[in-house]
Amino acid sequence: MRHLIDITDLSVNEIAELIRTSNDIIGNRKAYSEVCRGRKLATLFFEPSTRTRLSFEAAMLELGGAVLGFSSADSSSATKGESVIDTVRTVACYADVIAMRHPKEGAPLLASLKSPVPVINAGDGGHSHPTQTLTDLLTIQREKGRLDNMTVALCGDLKFGRTVHSLIAAMSCYENIKFILISPEELKIPDYIREDMKKRRNIEWRETDKLEEGLAKADILYMTRVQRERFFNEADYMRLKDSFILDTEKMRYAKPDTIIMHPLPRVNEISVKVDDDPRACYFKQVENGKFIRMALIMRLLEVSK
Amino acid sequence: MNVDGINSGIVLDHIKAGKSMEIYNYLNLDELDCCVAIIKNVKSTKLGRKDIIKIDAEINLDLDILGYIDPNITVNVISDGVLVEKKKLKLPKEVKNVIKCKNPRCISLAERETDQIFRLTSPEEGIYRCIYCDSESK
Ligand SMILES: [Zn+2]
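All residue numbers refer to position in the chain's written sequence, counted from 1. As a convention, the first chain written is A and the first ligand written is 1, with the rest following in written order. Selection of residues for local features in this predicted model requires a pLDDT of at least 70, selection of side-chain atom pairs for listing and counting requires 80 or more, and totals for whole chains, interfaces and linings are taken over all residues. In computing side-chain properties, one takes all heavy atoms of the structure into account and sets aside hydrogens as well as water.

A separate point is the confidence of the model for chain B. All names here are of chain B. The predictor's confidence in any single residue is recorded as pLDDT, a number from 0 to 100. Within chain B, residue pLDDT values average 90, and 96% of them lie at 70 or more. Helix and strand definitions here come from DSSP, where helices need a minimum of 4 consecutive H or I residues and strands a minimum of 2 consecutive E residues; each element is numbered from the N-terminal end. Of all secondary-structure elements in chain B, the lowest mean pLDDT belongs to helix H2 (residues 63-69), at 89, while helix H3 (residues 107-110) reaches the highest, 95. Interface predicted TM-score (ipTM) for the complex: 0.89; the corresponding pTM is 0.90.

Structural data, given as structure tokens:
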């Protein structure tokens with residue numbers, strides 16, 4: 001692994017290795033506090049995403065490294081018309097590893113083709129966001145103790161939600177996975193994902209528009225945001241939005257050990273009252289995001305404790 | 001109409017009827033100085049109707065482009081009036097700068113002088129995807 005551009009670049013073994021390192025970091029944080037001393041991470045955020053950038057920067061700082069970078073297109077050379085490749089070549093003179101977020105799909109891949117230092121895709125438009133998926137996998141592994149033999153319910157915008165698409169792709173590599181896909185008719189998963197699932201023998205799935213029904217069978221409920229702008233008219237949005245909101249009432253349908261995940265930020269799709277439920281894992285997810293990014297940076301810089 | 005009798009050159013046979021002009025353009029045959037004949041709507045037992053292109057010179061053809069457009073085309077190489085080789089085409093693993101990505105959000109359209117690269121992701125269905133954004137070519 002020289003770069004991380006898409007979650008499908010990683011083998012099951014490589015993912016297991018990153019999860020192993022993350023777990024070790026969580027258990028021995030002191031042992032890792034100097035491993036990246038003298039190394040620098042550049043965060044090139046051509047569009048702002050404070051959460052993801054902070055997670056990368058916190059990860060590098062906890063490894064004893066330093067960070068530099070920019071966080072929106074207007075403070076960077078991109079507004080002067082400098083190309084992605086020129087920016088990356090310039091930054092590679094100062095940094096040992098690059099985390100890039102860009103509104104255009106494929107920009108991190110293009111950068112990686114010319115970059116002398118490792119490039120991590122920190123989100124490229126609606127296309128790919130592999131460190132989010134790694135975060136999700138680490139959370140599932142830590143909370144459930146396994147990644148196979150699992151019923152995963154995914155709820156909300158399954159049509160445009162890239163986190164959902166890559167989580168399906170990643171989980172499809174494990175044995176005996178069942179998906180319950182909960183969404184309004186307008187926001188069902190795209191055909192090509194259904195086709196991909198058909199080709200795999202270890203996958204079963206069911207589609208429904210009832211959150212309660214999906215929740216009753218799920219080991220994991222992965223919630224996503226249903227965005228107003230995805231609907232043709234306000235009436236449809238108003239009609240549908242409440243059906244896909246998780247509240248304490250609906251939580252009664254969940255099994256005692258079901259975990260609730262969300263890539264955050266949320267708007268109103270999970271009631272704040274659910275936060276106190278021990279099954280709510282989304283804030284643990286945030287912290288896991290930092291640990292898996294630490295493991296990833298170490299792997300790409302080829303350092304160990 | 002006499003368009004037979006190529007002495008040394010290439011005959012592209014079994015082109016799907018109506019596709020010959022597209023192939024002419026993709027292969028930049030307009031840049032050639034030699035004789036090029038496009039024969040349309042020829043009766044064919046295999047296809048019903050087909051197009052044929054005859055090129056009166058032994059040029060190097062980009063077989064990958066041809067395979068991408070239609071792997072059923074046959075390429076006959078003729079030397080001194082004799083058929084010396086019948087080349088079979090296959091779907092190329094990758095095509096570079098043949099098709100343009102149609103996804104307006106794709107970096108390959110925003111960054112200048114970026115090679116348009118499509119990769120064969122599903123050989124059974126002949127599906128090509130942009131390496132940058134994964135959009136399908138058709
Ligand atoms: Zn593209």
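The discussion continues.
All names here are of chain A. Between helix H1 (residues 12-27) and helix H11 (residues 282-301), whose axes approach to 8 Å, the crossing angle comes to 115°. With respect to the hand of their crossing, H1 and H11 are arranged in right-handed fashion. The residues of H11 that touch H1, namely those facing Glu14, Leu18, Ile19, Thr21, Ser22, Ile25 and Ile26, are Asn288, Phe291, Ile292, Met294, Ala295, Leu296, Met298 and Arg299. Here the contact of H1 with H11 is built from residues that sort into ten nonpolar, three polar and two charged. Convention adopted: a line fitted to C-alpha atoms gives each axis, helices being fitted over their contacting stretch, and angles between N-to-C directions are expressed from 0 to 180 degrees. Two helices crossing with the near one rotated counterclockwise from the far one by less than a right angle form a left-handed crossing, whereas a clockwise rotation gives a right-handed crossing. In what follows, residue pairs with any heavy atoms lying within 4.5 Å of each other are defined as contacts. Polarity classes work like this: nonpolar for Ala, Val, Leu, Ile, Met, Phe, Trp, Tyr, Cys and Pro, charged for Asp, Glu, Lys and Arg, and polar for all others, with Gly in that last group.

This next bit is on the sheet that holds strand E8 (residues 127-130) of chain B. Residue and element names in this part refer to chain B. As summarised here, the arrangement of the three strands in space is E6-E7-E8, forming an open sheet in which the pairing is antiparallel. The sheet is open, and its two borders are formed by strand E6 (94-96) and E8, each paired with just one other strand. Adjacent strand axes in the sheet meet at a mean angle of 30° when their direction is disregarded. At least two DSSP bridges between two strands are required for those strands to pair. Relative to strand E7 (residues 117-122), E6 is paired through three bridges, and the arrangement is antiparallel. Across the sheet, Lys96 pairs through a bridge with Ile117, a residue of E7.

A separate point is the coordination of the zinc ion. Where a metal carries four tetrahedral donors, each ideal angle is 109.5 degrees; where it carries six octahedral donors, the ideal angles are 90 or 180 degrees. Residue and element names in this part refer to chain B. A 2.8 Å cut-off from the metal defines N, O and S donors, relaxed to 3.2 Å for Na, K and Ca; water is not in the atom list, so some sites may appear incomplete. Here the zinc ion is held by the protein donor atoms Cys101 (SG), Cys106 (SG), Cys130 (SG) and Cys133 (SG), which lie 2.3 Å from it. Every donor counted, the four donor atoms about the zinc ion form angles of 100 to 118° at the centre, which fits tetrahedral coordination. Type-normalised accessible area, obtained with a 1.4 Å probe on protein chains alone, sets the label of each residue: buried when under 20%, exposed when over 50%, and partly exposed for intermediate values. Relative accessible area serves as the criterion here: at 0%, Cys106 is assigned to the buried category. Square planar and octahedral assignments, for four and six donors respectively, both demand that opposite donors be over 155 degrees apart and that all other angles lie between 65 and 115; tetrahedral needs four donors with all angles between 85 and 135 degrees, and anything else is irregular.

Let us now look at the domain arrangement of chain A. Residue and element names in this part refer to chain A. An automatic or database domain assignment supplies the start and end points of every domain. The domain boundaries assigned to chain A delineate domain 1 (7-128 + 289-300) and domain 2 (130-285). Between domain 1 and domain 2, the residue contacts involve 25 residues of the former and 19 residues of the latter. Here the buried area means the combined drop in accessible surface, using a 1.4 Å probe, for two parts upon being joined, counting both sides. Of the roughly 1800 Å² buried at the junction of domain 1 and domain 2 (both faces included), carbon and sulfur atoms supply 68%. When residues of domain 1 are sorted by the area they lose upon contact with domain 2, Ile7, Ile19 and Ile292 head the list and together hold 30% of the total. A side-chain nitrogen of Lys or Arg and a carboxyl oxygen of Asp or Glu constitute a salt bridge if their distance falls within 4 Å. Run the count over domain 1 and domain 2 and you get zero salt bridges. Pairs of N or O atoms are called polar contacts if they sit within 3.5 Å, as long as, within protein, a hydrogen donor faces a hydrogen acceptor (for residues adjacent in sequence, only side-chain-to-side-chain pairs). Between domain 1 and domain 2 we count four residue pairs in polar contact (both at pLDDT 80 or more) in total. Take the side of domain 1 that touches domain 2: its biggest share by element is seven residues, from H1. Classifying every residue of the side of domain 1 that touches domain 2 by side-chain character gives twelve nonpolar, nine polar and four charged.

What follows concerns the interface of chain B and chain A. The interface of chain B with chain A comprises 16 residues on the first partner and 16 residues on the second. Where chain B abuts chain A, roughly 1200 Å² becomes buried across the two surfaces, and 51% of that area is made up of carbon and sulfur atoms. Taken together, the links from chain B to chain A amount to three salt bridges. Arg105 of chain B is the partner of Glu105 of chain A in a salt bridge, and the nearest nitrogen-oxygen pair spans 3.0 Å.

Take the state of the cysteines next. Each disulfide consists of one covalent bond between the sulfur atoms belonging to two cysteines. Working definition: a disulfide is two cysteine sulfur atoms within 2.5 Å of each other. Summed over all chains, the structure comprises zero disulfides over all chains. Between Cys281 of chain A, a free cysteine, and Cys155 of chain A, which holds the nearest cysteine sulfur, the sulfur-to-sulfur gap is 16 Å.

Residues and elements named next belong to chain A. By the alternation rule, side chains of strand E8 (residues 220-223) split into Ile220 and Tyr222 and Leu221 and Met223, which are all buried. As judged from the four bridges shared by strand E5 (residues 150-155) and E8, these two strands associate in the parallel manner. Note on E8: the bridge partner recorded for Ala153 is Leu221. As paired elements, E8 and strand E9 (residues 259-261) share three bridges and run parallel to each other. In the sheet register, Leu221 faces E9, and the bridge partner there is Ile260.

What follows deals with the pattern of salt bridges. Here the structure, examined in full by the defined rule, presents 30 salt bridges over all chains. Among the ionic contacts, a cluster of salt bridges with common partners joins Glu185, Lys188, Asp191, Arg194 and Glu207 of chain A.

Residues and elements named next belong to chain A. Here a cavity is any set of points on a 1 Å grid over the protein atoms alone where a 1.4 Å probe fits but cannot get out, and a pocket is any open set with protein on both sides within 12 Å along at least 5 of 7 lines; a residue lines the site when it has an atom within 4 Å of a point. Grid points are joined across faces, edges and corners, and a volume is the space filled by probe spheres set on the points. Under the counting rule described, the total for this entry stands at one cavity of 30 Å³ or more. If you add up the space inside the largest cavity, you get close to 50 Å³. Taken together, Val226, Tyr237, Lys241, Phe244, Ile245, Asn268 and Glu269 make up the full set of residues lining the largest cavity. The class makeup of the residues in the lining of the largest cavity is four nonpolar, one polar and two charged.

The next point concerns the packing of aromatic side chains. Residue and element names in this part refer to chain A. Any two of the Phe, Tyr and Trp rings considered here, Trp counted by its six-membered ring, make a pair once their centres fall within 6.5 Å; the pair's planes then place it as stacked at under 30 degrees, edge-to-face at over 60, or tilted in between. Under the criterion given, the structure shown has three aromatic pairs over all chains. Taken together, a centroid distance of 5.2 Å and an interplanar angle of 85° make the contact between Phe46 and Phe70 edge-to-face. Taken together, the positions of Phe46 in the loop between strand E1 (40-45) and helix H2 (50-62) and Phe70 in strand E2 (residues 66-70) put the pair 24 residues apart, joining distant regions of the chain. A relative accessible area of 5% places Phe46 in the buried class. The class of Phe70 is buried, set by a relative accessible area of 15%.

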